[in-house]
Amino acid sequence: DTAVSQTPKYLVTQMGNDKSIKCEQNLGHDTMYWYKQDSKKFLKIMFSYNNKELIINETVPNRFSPKSPDKAHLNLHINSLELGDSAVYFCASSRDRGTDTEAFFGQGTRLTVV
Amino acid sequence: GESVGLHLPTLSVQEGDNSIINCAYSNSASDYFIWYKQESGKGPQFIIDIRSNMDKRQGQRVTVLLNKTVKHLSLQIAATQPGDSAVYFCAENEYGNKLVFGAGTILRVKS
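Residues numbered from 1 in each chain as written. Chains lettered and ligands numbered in written order. Predicted model: local features only at pLDDT ≥ 70, side-chain atom pairs only at ≥ 80, totals over all residues. Heavy atoms only, no water.

A.B. asks: I'm lost on the overall build of chain A in this one. Help?
C.D. replies: Check the secondary structure of chain A and you find 0 helices and 11 strands. Reading the helices (α) and strands (β) of chain A from amino to carboxyl end gives β-β-β-β-β-β-β-β-β-β-β. C-alpha atoms of chain A, sized along the principal axes, occupy 40 × 30 × 30 Å. Here chain A holds 114 residues, and 44% of them are scored as buried. Pairs at least 24 apart in sequence give 54% of the contacts found in chain A among residues at least 6 apart. For chain A, the exposed area adds up to about 5700 Å²; of that, 47% sits on carbon and sulfur atoms. When the 14 basic and 13 acidic side-chain charges of chain A are each reduced to a single mean position, those positions are 6 Å apart. (Helix = DSSP H or I, 4+ residues; strand = E, 2+ residues; numbered from the N terminus. Buried < 20%, exposed > 50% of the residue type's maximum accessible area, 1.4 Å probe, protein only. Contact = heavy atoms within 4.5 Å. Areas by Shrake-Rupley, 256 points an atom, 1.4 Å probe, with all protein chains shown as cover. Lys, Arg positive; Asp, Glu negative; His and termini not counted. Charge placed at Lys NZ, Arg CZ, Asp CG, Glu CD.)

A.B. asks: Would you take a moment to explain the interface of chain B and chain A for this structure?
C.D. replies: One frequent convention defines the size of an interface as the accessible area lost when the parts assemble. Contacts between the two partners involve 23 residues from chain B, matched on the other side by 24 residues from chain A. Roughly 1900 Å² of surface becomes buried between chain B and chain A when both sides are summed, with 52% attributable to carbon and sulfur atoms. Inspection of the region where chain B meets chain A yields 3 residue pairs in polar contact (both at pLDDT 80 or more). Of all elements in the fold, only β4 (32-38), β5 (45-51), β9 (86-93) and β10 (99-101) of chain B reach the threshold of two or more residues within the side of chain B that touches chain A. The leading source of residues in the side of chain B that touches chain A is β4(B), at 4 residues. (Buried area = accessible area lost by both parts, 1.4 Å probe. Polar contact = N/O pair within 3.5 Å; in protein donor to acceptor, adjacent residues only side chain to side chain.)

A.B. asks: Is there a simple way to explain the environment of B:Asp55 in this structure?
C.D. replies: Residues and elements named next belong to chain B. Within the element layout of this structure, Asp 55 appears in the loop between β5 and β6 (56-58). Asp 55 gets classed as exposed once you look at its relative accessible area, which sits at 52%. Sequence-wise, Asp 55 and Lys 68 are 13 residues apart; in three dimensions their C-alpha atoms are separated by 8.1 Å. Excluding its chain neighbours within four sequence positions, the residues that come into contact with Asp 55 are Ile 50, Val 64, Leu 65 and Leu 66.

A.B. asks: Hey, could you run me through the pattern of salt bridges in this one?
C.D. replies: All names here are of chain B. Evaluated as defined, the whole model comprises 7 salt bridges over all chains. A salt bridge links Glu 39 to Lys 42; the nearest nitrogen and oxygen atoms lie 3.8 Å apart. Judged by relative accessible area, Glu 39 falls into the partly exposed class, the value being 26%. Taking relative accessible area as the criterion, Lys 42 reaches 39% and is therefore assigned partly exposed. As a salt-bridge pair, Asp 84 and Arg 61 come within 2.9 Å of each other at their nearest N and O atoms. Pair noted here: Asp 84 is in the loop between β8 (72-77) and β9 and Arg 61 is in the loop between β6 and β7 (62-67), with a separation of 23 residues, a long-range link. Judged by relative accessible area, Asp 84 falls into the buried class, the value being 7%. (Salt bridge = Lys/Arg side-chain N within 4 Å of Asp/Glu carboxyl O.)

Below is the structure:
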């Protein structure tokens, strides 16, 4: 069984559209994240939720809105997509908010804005 | 701001040789470090971690060394295999499980 699963795996869309990426984890973890990986493979955290509560919100345009209906799900909605939003987006989860627990990552969603 | 960086963007090694991937970090307050492996088309996969109260930790074929004096982290892979070819990231775990990743090192294993 996939521990952290996100859909879709690939997403091609036009500028200005609104799209969502879904993420689910079956690990029973309390904390979930969204990371963005650019074309140079640099990984940067965008958001973190703990038990449906927003914990980390890095400097991300407000066109990006995470939504956590329950602690097993963290979806990412993006409004008015721009070319620069093209990247691979990774969902991840970890057991708690402590500083010594690793994050488990999903397979990624490759978003291409044309 | 604080960041984690890698010295070598690409490392090519012969199959069977040992690999060493290095990482320099700048946040002296970080007390937990992780190495991840990312294969093409996949998400980062946990390899090994180390807490700041340790200077060495061994896993299966992998060893992580931490030198807090010079803020340096390394990943050693013994008897490198073709399946080890991937991008390797070091990451430091800040507050609230915020992972700050380094730039990544590409490891290429030649058969």
